[in-house]
Amino acid sequence: HGLDPARDHEIRLAGLQGAGGREARDLAGYIRRRPLQCEPDGSAAPALWRCIIDGQDLARLILFNGGARATEAASDDLRDAEEQAREAGLGVWGR
């Protein structure tokens, strides 16, 4: 069982460079009242997290919708999600 740290404070998701502003507010609205399971991803400090929401990887959902950019250390799956958002001009890619 994982923790639910995102309910109480800000966390950093593995593979993401967080965006602020509208994207952050949209994310807060999306995760509100949904089951969210988070676990440390095993990386070095500062702690990075992997979260599952509605059975899906939250970082992948965020990237797929253009809510953030992938880090250099992001997995191929996360980079693919970012590329799909970039090609569609979603979120941070639509500016």
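Residues numbered from 1 in each chain as written. Predicted model: local features only at pLDDT ≥ 70, side-chain atom pairs only at ≥ 80, totals over all residues. Heavy atoms only, no water.

Enquirer: Would you mind going over the side chain of glutamate 82 in detail, with residue names and values included?
Expert: Within the secondary structure layout, glutamate 82 lies in helix H3 (residues 76-88). Residue glutamate 82 is classed as buried on the basis of its relative accessible area of 7%. In terms of polar contacts, glutamate 82 uses its side chain to reach the backbone amide nitrogen of alanine 70, at 2.8 Å. (Helix = DSSP H or I, 4+ residues; strand = E, 2+ residues; numbered from the N terminus. Buried < 20%, exposed > 50% of the residue type's maximum accessible area, 1.4 Å probe, protein only. Polar contact = N/O pair within 3.5 Å; in protein donor to acceptor, adjacent residues only side chain to side chain.)

Enquirer: Help me get a handle on the nonpolar core, residues and values and all.
Expert: Membership of the largest hydrophobic core comes to 19 residues, with the highest contact counts inside it found for Leu13, Leu16, Leu36, Cys51 and Leu58. When residues of this core are traced back to their parent elements, those giving at least two are strand S2 (36-40), strand S3 (49-53), helix H2 (58-64), strand S5 (68-70) and H3. The element that contributes the greatest number of residues to this core is H2, accounting for 5 residues. Sequence-distant contacts of leucine 16, that is, excluding residues within four places in its chain, are made with Ala59, Ile62, Leu63, Ala68, Arg69 and Thr71. (Core = buried A, V, L, I, M, F, W, Y, C linked by side-chain atoms within 4.5 Å. Contact = heavy atoms within 4.5 Å.)

Enquirer: Could you give an account of the sheet that holds S2, with specific residues and numbers?
Expert: Hydrogen bonds between backbone groups are what pair the strands of a sheet, and the pairing can be parallel or antiparallel. If you trace the 3 strands from one edge of the open sheet to the other, you get S2-S3-S4, paired in antiparallel fashion. Each having just a single partner strand, S2 and strand S4 (56-57) make up the two edges of the open sheet. Relative to S3, S2 is paired through 5 bridges, and the arrangement is antiparallel. In the sheet register, glutamine 37 faces S3, and the bridge partner there is isoleucine 52. (Pairing = 2+ DSSP bridges.)

Enquirer: How would you summarise the pattern of salt bridges if you had to cite specific residues and measurements?
Expert: Inspection of every chain in the model, using the stated rule, returns 5 salt bridges. Of the charged contacts, one joins arginine 60 and aspartate 77 as a salt bridge, the two residues approaching to 3.2 Å between their closest N and O atoms. Linking arginine 60 in helix H2 with aspartate 77 in helix H3, this pair joins segments that are 17 residues apart in sequence. Using a relative accessible area of 26% as the deciding quantity, one classes arginine 60 as partly exposed. The salt bridge involving glutamate 83 is made with arginine 86; its shortest N-O contact spans 2.4 Å. With glutamate 83 and arginine 86 both in helix H3 and 3 residues apart, the pair spans about one turn of that helix. (Salt bridge = Lys/Arg side-chain N within 4 Å of Asp/Glu carboxyl O.)

Enquirer: Explain the packing of aromatic side chains residue by residue, including any values.
Expert: Throughout the structure, instances matching the rule amount to 0 aromatic pairs. Stacked on the ring of tryptophan 93, the Lys or Arg arginine 86 has its end atom at 4.4 Å from the ring centre. (Phe/Tyr/Trp six-rings, centres within 6.5 Å; stacked < 30°, edge-to-face > 60°. Lys NZ or Arg CZ within 6 Å of the ring centre and 35° of its normal.)

Enquirer: Mind laying out the layout of surface pockets, listing which residues take part and the relevant values?
Expert: One number sums up the size of the largest pocket: a volume of about 1,000 Å³. Lining the largest pocket are 40 residues, and of these Leu13, Leu16, Leu27, Leu58 and Ile62 sit closest to its centre. Contributions of two or more residues to the lining of the largest pocket are made by strand S1 (16-18), helix H1 (21-31), S3 and H2. The element that contributes the greatest number of residues to the lining of the largest pocket is H1, accounting for 8 residues. Taken together, the residues of the lining of the largest pocket break down into 22 nonpolar, 9 polar and 9 charged. (1 Å grid on protein atoms, 1.4 Å probe; cavity = no way out; pocket = protein on both sides within 12 Å on 5 of 7 lines; lining within 4 Å. Points joined across faces, edges and corners; volume = space filled by probe spheres on them. Nonpolar A, V, L, I, M, F, W, Y, C, P; charged D, E, K, R; others polar.)

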